[in-house]
Amino acid sequence: MRLELRGLTKQYDEGRIVLQPIDLCDEVRTLAIIGPSGGGKSTLLRIIGGLLPPSGGMLCVGGEPVVWQEKELARYRRRLGYVFQQGGLFRHLTAEENIVLPLVKVHGYAAAQARERAGQLLDRFGMRADAHKKPAALSGGQQQRVAIARAIAARPSLLLLDEPTSALDPEYTTEVLDLVSELKADGLDFIIVTHEMGFARHACDTAAFLCEGRLMEYGPSGKLFASPQTEQLSHFLGKLLEWNV
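A. Representation of the side chain of Thr 9 in the model. Its location among the elements puts Thr 9 in strand 1 (residues 2-11). Judged by its relative accessible area of 17%, Thr 9 falls in the buried class. Look past the residues within four positions of Thr 9 in its chain and what remains in contact with it is Leu 19, Gln 20, Pro 21, Pro 54, Ser 55 and Gly 56.

Okay, structure coming up:
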């Protein structure tokens, strides 16, 4: 998926600048966005997802410029899958209903077709026995599996994941990251905001380091981690590795 950012910025009304002008143009298959908290990672992902308008600059995804008008944005968002930090599941719906409802209401599936697709994904992700359960009855890892199933149900051209493991215990974190790796093997393009550096380094083709609202470094993940070019990235990685066993 071709991703092009030209002078992309974000500033809020009170004058707080979240993103300095960002320029990036590349064929993105699997991209990890990393950096310290407050660096602008989730803001950038929300802009790419069409959920937050930039203050300036241009965004093109798949060769098409994103038009910041609601009718055009609705069409654009239908091409994407989005997974939030804590899933964003509808609390009053079952696991199956969380997948079925967007397929019917947003993507125009017939109800029977949507239930069939939901069943396929619940089977694949080991959730068939829990299809009738509401989110409160599911573990954190199970909730995120349902959220990912919902996000890919309509076969999006690009999947966006905003720190999908941030609220999970270690065993559930591994479970969710393994699932995302499976999707990579299937050929699904994705962009993930993550603090899991092992996943960013070994499971993602490229990485972008955001700090203080600036795109400090971008390139192949292995090279970026092995040879940081900025003091900020060296310091960031050094702090993360300080307590590693």
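B. Focus on helix 9 (residues 231-241). All of the buried residues in helix 9 are Leu 233, Phe 236 and Leu 237. Each buried residue of helix 9 sits inside an arc of 90° when the element is viewed along its axis, so together they form one side. In helix 9, those exposed residues whose orientation departs by more than 90 degrees from the buried face are Glu 231 and His 235. Of the surrounding elements, those touching the buried residues of helix 9 are strand 3 (30-34), helix 7 (197-202), strand 9 (206-211), strand 10 (214-220) and helix 8 (221-226).

C. Just the sheet that holds strand 9, in detail. Overall, mixed pairing links the six strands, which are arranged 6-7-8-3-9-10 in an open sheet. Of all strands in the sheet, those with a lone pairing partner are strand 6 (80-83) and strand 10, marking the two edges. Adjacent strand axes in the sheet meet at a mean angle of 15° when their direction is disregarded. Two strands pair when backbone bridges link them, and strand 7 (residues 158-162) and strand 8 (residues 190-193) are joined in this way by four bridges, in the parallel orientation. Bridge pairing in strand 8 links Leu 160 to Ile 191. This element, helix 9, spans strand 3, strand 9 and strand 10 of the sheet and lies at about 100° to strand 9.

D. Structural context of the pattern of salt bridges. Going through the model one piece at a time under the given rule, you end up with 13 salt bridges. The partner of Glu 64 in a salt bridge is Arg 75, and the shortest N-O contact between them spans 3.7 Å. Of this pair, Glu 64 sits in strand 5 (residues 64-65) while Arg 75 sits in helix 2 (residues 70-77), and the two are 11 residues apart along the sequence. Asp 186 is the salt-bridge partner of Arg 124, the closest N and O atoms lying 2.5 Å from each other. Taken as a pair, Arg 124 in helix 4 (residues 111-124) and Asp 186 in the loop between helix 6 (170-185) and strand 8 lie far apart in primary sequence, 62 residues in all. On the accessibility criterion, Arg 124 (38% relative accessible area) is partly exposed. On the accessibility criterion, Asp 186 (51% relative accessible area) is exposed. Each member of the salt-bridge network shares a partner with another, and the members are Glu 64, Glu 72, Arg 75 and Arg 79.

Definitions and cut-offs
- Residue numbers run consecutively from 1 along every chain, following the written order of its sequence.
- Selection of residues for local features in this predicted model requires a pLDDT of at least 70, selection of side-chain atom pairs for listing and counting requires 80 or more, and totals for whole chains, interfaces and linings are taken over all residues.
- Water and hydrogen atoms were dropped before computing side-chain values, which therefore reflect all heavy atoms in the structure.
- Helix numbers and strand numbers start at the N terminus; a helix is a DSSP run of H or I with at least 4 residues, a strand a run of E with at least 2.
- The cut-offs for exposure are 20% and 50% of the maximum accessible area for each residue type, with area from a 1.4 Å probe on protein chains only; residues under the lower value are buried, those over the upper are exposed, and the others partly exposed.
- Throughout, a residue-residue contact means that at least one pair of heavy atoms, one from each residue, lies within 4.5 Å.
- Directions from the helix axis toward the C-beta atoms define the arc.
- Between any two strands, pairing holds if DSSP finds at least two bridges.
- To get an axis, fit a line to the C-alpha atoms, keeping to the stretch in contact for a helix; angles then go from 0 to 180 degrees between the N-to-C directions.
- Each salt bridge in this description consists of a side-chain nitrogen of Lys or Arg and a carboxyl oxygen of Asp or Glu lying within 4 Å of one another.

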